[in-house]
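Single-letter residue listing:
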Amino acid sequence: MTFDKWFNQQSTLVKAILLLIPFVGWVCECLIRLSVMLRTKNTVHIVVFLAFLLIGWGWFLGAIDFVYMLLKGHLILAD
């Protein structure tokens, strides 16, 4: 699964639009974190994926990821 690589190859405008649409943004973040977790099998990525599933449905983590993506080009702990 390489959804994270596909997402990171998109322009900043496309990434911003995908993250700003309410349900689509949450699904994109879940797919990105799942993709990173399956690709790396790193303990940190597993914990981040599970934490995002439990508390990531709120707007707060999405807003933080959105700002971080605008600054760095990828989501927090998803590189």
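Please refer to the structure higher up on the page.
Below is a short write-up of the structure. Since this is a predicted model, take the numbers as computed values, not measurements.

**Looking at the packing of helix 3 (residues 22–40) against helix 4 (residues 43–55)**
Contact pair helix 3 / helix 4: the axes reach a minimum separation of 9 Å and the direction vectors enclose 160°. By the criterion of interaxial angle, the relationship of helix 3 to helix 4 is roughly antiparallel. Read as a crossing pair, helix 3 and helix 4 show a hand that is left-handed. Here helix 3 contributes W26, E29, C30, R33, L34, V36, M37 and T40 to the contact with helix 4, which in turn contributes H45, I46, V48, F49, F52 and L53.

**Some words on helix 3**
At 3.6 residues per turn, the α-helix brings residues three or four places apart onto the same side. Here helix 3 is 19 residues long and its end C-alpha atoms lie 28 Å apart, about the 27 Å a rise of 1.5 Å per residue gives. Along helix 3, the positions that sit buried rather than exposed are G25, C28, E29, C30, I32, R33, S35, V36 and M37. Positive backbone phi, approximately 55°, marks K41, located one or two places after helix 3.

**A look at the environment of L71**
Of note, L71 is situated in helix 5 (residues 59–72). Put simply, L71 and T12 are 59 residues apart on the chain and 9.8 Å apart in space, counted from C-alpha to C-alpha.

So, how was this worked out
Residues numbered from 1 in each chain as written. Predicted model: local features only at pLDDT ≥ 70, side-chain atom pairs only at ≥ 80, totals over all residues. Heavy atoms only, no water. Axes fitted to C-alpha atoms, helices over the stretch in contact; angles between N-to-C directions. Helix = DSSP H or I, 4+ residues; strand = E, 2+ residues; numbered from the N terminus. Parallel < 35°, antiparallel > 145°, perpendicular 65-115°, else oblique. Left-handed = near helix turned anticlockwise from the far one by under 90°. Contact = heavy atoms within 4.5 Å. Expected span 1.5 Å × (residues − 1). Buried < 20%, exposed > 50% of the residue type's maximum accessible area, 1.4 Å probe, protein only.

Any functional reading would require information that these geometric values do not contain.
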